[in-house]
Amino acid sequence: MGRKFVVGGNWKMNGTKSQINEILAFLKQGPLNESTEIIVGVPAIYLDHVKSNAPANVEVAAQNCYKVDKGAFTGEISPVMLKDIGVNWVILGHSERRQIFQESDELVAEKVSFALSNGLRVIACIGETLQEREAGKTEEVVFRQTQAIANKIKDWYDVVIAYEPVWAIGTGKTATPQQAQEVHQALRQWISQNISPDVANSIRIQYGGSVTGANAQELASQPDIDGFLVGGASLKPEFVNIVNARQ
Ligand code: G2H
């Protein structure tokens, strides 16, 4: 069976209630390709609002959660809380979490494992910095980040991987379709050898980093690109074109 195309919008720390209602309006207007799975990553404070007002075919994700169910962790939210309000997805390990908030491979992996064990589905982000790419370490980095998760989980069924080269995030510098395909293919091969051929064939690998309505179609035509994680453009009506990019 083919891998279902999956497009996530990562709103990051953007949006007021009225701006979010505008986003919901263009999502409702669509039309959104029915064969694409659509997930929007919403600031925690608006999760409930978006959950109650998003069109039925748009899933809602948190942008982070912690690795335990409750307790003295001021400012954190737990997978149990997300499930309690009907949220089924979480984005973990985004490079902004890794870089700005110093989340290690180990912590990201623990969060992925705990989220999965609480019934959440996970978009797990990986990707190299510009310095790492220029040092020829792209594969080493993405394999290491994936291995850290593989050390903590057995079942990959509810995981989507988002490959997001850090140098392409919010910079307007998209990886070319060939650059992205090259990493996706290498990662799938690594997964086949180090996790299992079944997981390699079935896991969806999104590309993220300055995806727009203008470049989405060519990226979507690459055989190992199974969707996108979209930041800036997910706040704008062009997100609909990105959702519909797979022909
Ligand atoms: C990468 C992406 C969304 P943008 O962070 O995850 O953001 O599309 O703005 O580069």
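Going by the structure above, here's the rest.
Report on the accompanying structure. Remember, it's a predicted structure, so these values are computed and weren't measured experimentally.

Some words on the site of the ligand
Right, so step 1: Around the ligand, the structure places 13 residues, and the nearest of them are Lys 12, His 94, Glu 164, Gly 170 and Ser 210.
Right, so step 2: The separation between an oxygen atom of the ligand and a polar side-chain atom of Lys 12 is 2.7 Å.
Right, so step 3: Ser 210 places a main-chain nitrogen or oxygen 2.8 Å from an oxygen atom of the ligand.
Right, so step 4: Out of a free accessible area of 300 Å², the ligand has 95% covered by protein chains.
Right, so step 5: Its residues assigned to classes, the shell around the ligand comprises 4 nonpolar, 7 polar and 2 charged.

Notes on the environment of Thr 146
Right, so step 1: Along the chain, Thr 146 turns up in helix H7 (residues 138-150).
Right, so step 2: Judged by relative accessible area, Thr 146 falls into the buried class, the value being 1%.
Right, so step 3: Distance in space between the C-alpha atoms of Thr 146 and Ile 195 is 9.9 Å, their sequence separation being 49 residues.
Right, so step 4: Leave out the neighbours within four places in its chain, and Thr 146 touches Ile 126, Trp 156, Ile 161, Leu 187 and Trp 190.

The rules behind these values
- Residues numbered from 1 in each chain as written.
- Predicted model: local features only at pLDDT ≥ 70, side-chain atom pairs only at ≥ 80, totals over all residues.
- Heavy atoms only, no water.
- Near = heavy atom within 4 Å.
- Polar contact = N/O pair within 3.5 Å; in protein donor to acceptor, adjacent residues only side chain to side chain.
- Areas by Shrake-Rupley, 256 points an atom, 1.4 Å probe, with all protein chains shown as cover.
- Nonpolar A, V, L, I, M, F, W, Y, C, P; charged D, E, K, R; others polar.
- Helix = DSSP H or I, 4+ residues; strand = E, 2+ residues; numbered from the N terminus.
- Buried < 20%, exposed > 50% of the residue type's maximum accessible area, 1.4 Å probe, protein only.
- Contact = heavy atoms within 4.5 Å.

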